[in-house]
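A structural walkthrough
Single-letter residue listing:
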Amino acid sequence: EPIIRAQQVEKFYAQPSENRIQVIAPTSLEIFPGEIVALLGPSGSGKSTLLRMLAGLSKPSAGEVLWHGKPVSASQINVSIVFQSFALFPWLTVLENVEAPLKARGIASTTRHKSSLKILDTVGLDGFASAYPKELSGGMRQRVGFARALVVEPEVLFMDEPFSALDVLTAENLRSELLELWQKKTIPTQAIFLVTHNIEEAVLLADRIIVLGRNPGHVRTDFKVNLQHP
Ligand code: ADP
Ligand code: ADP
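Rules and cut-offs
Residues numbered from 1 in each chain as written. Chains lettered and ligands numbered in written order. Predicted model: local features only at pLDDT ≥ 70, side-chain atom pairs only at ≥ 80, totals over all residues. Heavy atoms only, no water. Buried < 20%, exposed > 50% of the residue type's maximum accessible area, 1.4 Å probe, protein only. Helix = DSSP H or I, 4+ residues; strand = E, 2+ residues; numbered from the N terminus. Pairing = 2+ DSSP bridges. Near = heavy atom within 4 Å. Polar contact = N/O pair within 3.5 Å; in protein donor to acceptor, adjacent residues only side chain to side chain. Nonpolar A, V, L, I, M, F, W, Y, C, P; charged D, E, K, R; others polar. Contact = heavy atoms within 4.5 Å. Axes fitted to C-alpha atoms, helices over the stretch in contact; angles between N-to-C directions. Areas by Shrake-Rupley, 256 points an atom, 1.4 Å probe, with all protein chains shown as cover.

With four of five residues buried, strand 6 (residues 79–83) lies mostly within the body of the structure. Sheet analysis places strand 6 next to strand 7 (residues 156–160), joined by five bridges and oriented parallel. When the bridges of strand 7 are listed, V82 appears paired with M159.

Now the structure itself:
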């Protein structure tokens, strides 16, 4: 049973000229519990657009996104997104950043603290709770991003180019740490959907890769590649 099933999902954007631009051609895919799925494609191929539709943040122009067989619009879903740019609140400490989604859900402060400190420990930020984002390196900031995404124990963790803003070595370290934590089942989520333009990253991390290609009609074609588990 998949968690997410996208059925012939399409996205058009209206143009001032009244021409519609098709960003996502009819695409069907499934995301199952326990897997890391990478969505690979060049910049502008529609990866973020597809991610937003799967996460219920943007309505498909045609087709349907189902979560556990029900339309995503009619479902209570628990998801988080990790962004390329970290998107931390600069005026909040590391702990306050990580607590923010729990606070938004009305969780009491004792519980918030406990969950946040635990996940900070998991991502290697033990001892940085009272630091501010500007005092941290890029890699550390993205660790905060991961912690904030994971603190709600999302059913699916969405990541949109999470390593692209980091230098090569930092990205390499974070990727292999993520993989190690995932394989040890320390990451509190059922599935990971990773958007990337980096083929090596997709091959390293993913159980399955979905490729968005580009053709001259602005219509993207979609290929699926099945890889063996490492
Ligand atoms: P990627 O994540 O692969 O870089 P995006 O999904 O961000 O691709 O964008 C795909 C294409 O759709 C781009 O040409 C982008 O400019 C366009 N696009 C994305 N969102 C919108 C929108 N809300 N309105 C109009 N065009 C959009
Ligand atoms: P929905 O389909 O639910 O309306 P969209 O995917 O169209 O959501 O995106 C929401 C908003 O984000 C749009 O109203 C649009 O103005 C803005 N937006 C996002 N990316 C782009 C882009 N690349 N170009 C123009 N507008 C964008």
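From this point, things continue past the structure.
This next bit is on the site of ligand 1. All residues in the neighbourhood of ligand 1 are listed as Y13, V23, P42, S43, G44, S45, G46, K47, S48 and T49. In this structure, G44 approaches ligand 1 through a main-chain N or O atom, which is 2.8 Å from an oxygen atom. Counting residues per element, the shell around ligand 1 draws most heavily on helix 1 (residues 47–54), which supplies three residues. The residue makeup of the shell around ligand 1, split by class, is three nonpolar, six polar and one charged.

A few words now on the pairing of strand 2 (residues 20–31). Each regular strand shows side chains that alternate between the opposite faces of the sheet. Relative to strand 2, strand 1 (residues 4–14) runs antiparallel, the two being bridged by eight bridges. Across the sheet, Y13 pairs through a bridge with I21, a residue of strand 2. Where strand 1 folds back onto strand 2 in an antiparallel hairpin, the turn is made up of five residues, including E18, whose phi is positive at roughly 75°.

This part is about the sheet that holds strand 5 (residues 70–71). Think of a sheet as strands paired side by side through backbone hydrogen bonds, with each pair either parallel or antiparallel. Spatially, 2-1-4-5 is the arrangement adopted by the four strands of the open sheet, whose pairing is antiparallel. Both outer strands of the open sheet, strand 2 and strand 5, are each paired with one neighbouring strand and no more. Pairing between strand 4 (residues 62–67) and strand 5: two bridges, direction antiparallel. In the sheet register, W67 faces strand 5, and the bridge partner there is K70. On top of the sheet, helix 1 reaches strand 1, strand 2 and strand 4; it is set at about 125° to strand 1, its chief contact.

This brings us to the side chain of S80. Summarising the element assignment, S80 is placed in strand 6. Polar contacts involving the side chain of S80 include one to the main-chain carbonyl oxygen of A149, which spans 2.6 Å. Not counting chain neighbours up to four residues away, the residues in contact with S80 comprise A149, V152, P154, V156, L157 and F158.

Below, the discussion takes up the environment of E161. Within the element layout of this structure, E161 appears in the loop between strand 7 and helix 5 (168–183). Here the alpha-carbon distance between E161 and L40, two residues 121 residues apart in the chain, equals 10.0 Å. Contact partners of E161, with chain neighbours within four places excluded, come to K47, Q84, V195, T196 and H197. Of note is the side chain of E161, whose polar atom sits 2.6 Å from the side chain of S164.

Another aspect to go through is the site of ligand 2. Every residue lining ligand 2 is accounted for by K11, Y13, R52, L57, S58 and K59. At 3.3 Å from an oxygen atom of ligand 2 is found a side-chain nitrogen or oxygen belonging to Y13. Note that an oxygen atom of ligand 2 is positioned 2.8 Å from one of the side-chain N or O atoms of S58. Protein coverage of the free-state accessible area of ligand 2, which is 550 Å², stands at 29%. Tallied by class, residues from the shell around ligand 2 come to two nonpolar, one polar and three charged.

Bear in mind that shape data such as this cannot, by itself, settle questions of function.
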